[in-house]
Amino acid sequence: MDERPRPTLTRRLLTLYALTIVPLLAVLAFILDRGVASLDAAADERTVVRTIVFGGTAAAALLGAGAVWLIGRSLTRGLQDVTARVARMARGDLATAAPSDGTAELEELARTLSRMAAEIEGRIGRIDLDRQQREAVLSAMEEGVLLVETDDGLGYANPAASRLLGRLPGSLRGLTPPEVRTLVEETRADGRARDREIETGYPPRVLRVSTVALRQPGEVLVVVRDVSGARRVEAMRRDFVADASHELKTPAASIQAAAETVERAVADDPVSAARFAARLRRDAIRLSRIVSDLLDLSRLETERPALEPVRLDHVVSEEIERLRATADGVRIESAVRPITVRGVRADLALLLRNLLDNAVRYSPGGGPVRVRLDEQNGRAVVEVEDDGIGIPRRDLPRIFERFYRVDRARSRETGGTGLGLSIARHVVEQHGGRIEAESELGQGSTFRVTLPATASG
């Protein structure tokens, strides 16, 4: 911009005044001179006055019109430039340059507009940044956020709202499930916040919907959370407590009854006392195993393991030797190759122990139990196969649940707690692996565990 000082509006008016009054005085002097000449020529006095008045008025009108035109042109040109710039600013063009000519007042107005445009542009930039940050935060939320406007339009909805409520309509009237609309209308009616759980969809999901009235009358903010997982966990905990209480109650009651019988028979019937003492010991062992398995399961669910290199073939061989010492009549065949995995040695031993005990327990005829350890595509594969009673196909999806038994009577008879396969599944998952079972009723079962291998040899 040219930095030369601009003439002020007052200075321009004075200049125009000087340029106007001098010619006007000259014209008036000429008219007076003509009038005096006419008077000397014995003209009529009335004619002289008329000449002076009409001539002076005409000259003043012409010169005044010219002065007004010049002044108006000088002012309106600068004002038009400023007006044009304000119009462009209103359309969003904040980078328009200020006018480079005009009076000092117009120049100051132009500079003020430039400062105002820069400030507005900065504020718009900050508002846009804030909007982008809020949009990023709301888009990353797992909770659905929905704004219902006064006219029932949906002013805003983050991606989670569409995921939880399905395809969103353009207005409140088409919003589903209907319970959400009811909550919005109730909040509008009295301004009170609402919070309600709604079951919807198939498979059913449980949504927790909260509504809050905003400052603008009729506007309601809706927040939707999927609490299906939490409700399933609560149900599993209730079932677990009920199952654990039932499982602990049975051996505890048996121990109490056996102890009372032994107490009465120890003096009069030593044979019966010995028999009930053996039963007492068996139930105490079973109770101890249930408590031990519950502690193992709780630890596996709450602790994060510290993984380190473990020779899985050594763990398998040790558990096979342990089982051979107690497995009466069951022949164990093994084919094991050296494989190293990253894991917790004690937990991997617990995994193998549960799978081997399970195979022996359900091989009533003393059939063989085959154990294989091999490496496939960089992963360690452990298979425990038996020729026992097998598992019905309908029960296969549930065998890794806690306290689930295919044959409850046989499981209790053989000392099973119903937690072994659940513990095995948790160990495998903690080690980044997969466990699966194949079985047919009367044809035996095969449990296959796959774990990431780190080295061989």
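Heads up: the structure comes first, above all this text.
Residues numbered from 1 in each chain as written. Predicted model: local features only at pLDDT ≥ 70, side-chain atom pairs only at ≥ 80, totals over all residues. Heavy atoms only, no water.

Description of the overall build of the protein
Tallying secondary structure elements over the protein gives 11 helices and 12 strands in all. Looking at the protein alone, contacts between residues at least 24 apart form 61% of all its contacts between residues at least 6 apart. Taken as a whole, the protein presents about 26900 Å² of accessible surface, with 55% of it coming from carbon and sulfur. (Helix = DSSP H or I, 4+ residues; strand = E, 2+ residues; numbered from the N terminus. Contact = heavy atoms within 4.5 Å. Areas by Shrake-Rupley, 256 points an atom, 1.4 Å probe, with all protein chains shown as cover.)

Thoughts on the packing of aromatic side chains
Taken as a whole, this structure holds 1 aromatic pair when the rule is applied. A centroid spacing of 6.3 Å and a plane angle of 90° characterise the contact between Phe400 and Phe447, whose relative ring orientation is edge-to-face. Of the two residues, Phe400 sits in the loop between strand E10 (379–386) and helix H10 (408–413) while Phe447 sits in strand E12 (residues 445–456), which places them 47 residues apart along the sequence. Here Phe400 matches Phe447 in class, with each residue buried. (Phe/Tyr/Trp six-rings, centres within 6.5 Å; stacked < 30°, edge-to-face > 60°. Buried < 20%, exposed > 50% of the residue type's maximum accessible area, 1.4 Å probe, protein only.)

Concerning unusual backbone geometry
Pro177 follows Thr176 through a cis peptide bond whose omega is 0°. Positive phi, close to 75°, is recorded for Asp152, a residue that is not glycine. Within the secondary structure, Asp152 sits in the loop between strand E1 (144–148) and strand E2 (154–157). A positive phi angle, near 55°, is found at Asn377, a position not held by glycine. Tracing the sequence through the fold places Asn377 in the loop between strand E9 (369–376) and E10.

Focus on helix H7 (residues 270–302)
Compared with the 48 Å implied by 1.5 Å per residue over 33 residues, the 48 Å span of H7 between its first and last C-alpha is a close match. Taken residue by residue, H7 has Ser272, Ala273, Phe276, Asp283, Arg286, Ile290, Asp293, Leu294, Asp296, Leu297 and Leu300 as its buried positions. (Expected span 1.5 Å × (residues − 1).)

Regarding the sheet that holds E1
Read from one edge to the other, the open sheet built from 5 strands follows the order E2-E1-E5-E4-E3, with strand pairing classed as antiparallel. Strands at the two margins of the open sheet, each flanked by one partner only, are E2 and strand E3 (194–200). Put simply, the sheet's adjacent strands are angled 20° from each other on average, direction ignored. For E3 and strand E4 (residues 205–213), the ladder comprises 7 bridges, and the chain directions are antiparallel. Looking at the pairing, Ile198 lines up with Leu207 of E4. Running over the sheet, helix H5 (residues 178–190) touches E1, E3, E4 and strand E5 (220–226) and is turned about 170° from E3. (Pairing = 2+ DSSP bridges. Axes fitted to C-alpha atoms, helices over the stretch in contact; angles between N-to-C directions.)

So, the packing of H7 against helix H11 (residues 420–430)
Packing of H7 against H11 leaves a shortest axis separation of 10 Å and a crossing angle of 25°. Considering the angle they form, H7 stands roughly parallel to H11. In this structure, H7 meets H11 at a crossing whose hand is left-handed. The residues of H11 that touch H7, namely those facing Asp293, Asp296, Leu297, Leu300 and Glu301, are Ser422, Ile423, His426, Val427 and Gln430. Split into classes, the residues belonging to the contact of H7 with H11 amount to 4 nonpolar, 3 polar and 3 charged. (Parallel < 35°, antiparallel > 145°, perpendicular 65-115°, else oblique. Left-handed = near helix turned anticlockwise from the far one by under 90°. Nonpolar A, V, L, I, M, F, W, Y, C, P; charged D, E, K, R; others polar.)

Some details on a nonpolar patch on the surface
On the surface, Met116, Ile120 and Ile124 cluster together to form a nonpolar patch covering roughly 240 Å² of accessible area. When its relative accessible area of 38% is taken as the criterion, Met116 is described as partly exposed. (Patch = residues over 30% accessible without salt bridge, like charges linked within 9 Å, V, L, I, M, F, W, Y side chains within 5 Å. Salt bridge = Lys/Arg side-chain N within 4 Å of Asp/Glu carboxyl O.)

Some words on the nonpolar core
Counting residues in hydrophobic clusters, the biggest one holds 45 residues, and the most contacted among them are Leu312, Leu348, Leu351, Leu355, Val369 and Val449. Per-element tally for this core: the top contributor is helix H9 (residues 345–361), with 9 residues. Residues Leu165, Val180, Ile198 and Val224 belong to the second largest nonpolar core, which totals 16 residues. (Core = buried A, V, L, I, M, F, W, Y, C linked by side-chain atoms within 4.5 Å.)

No statement about biological role is implied by the geometric values presented.
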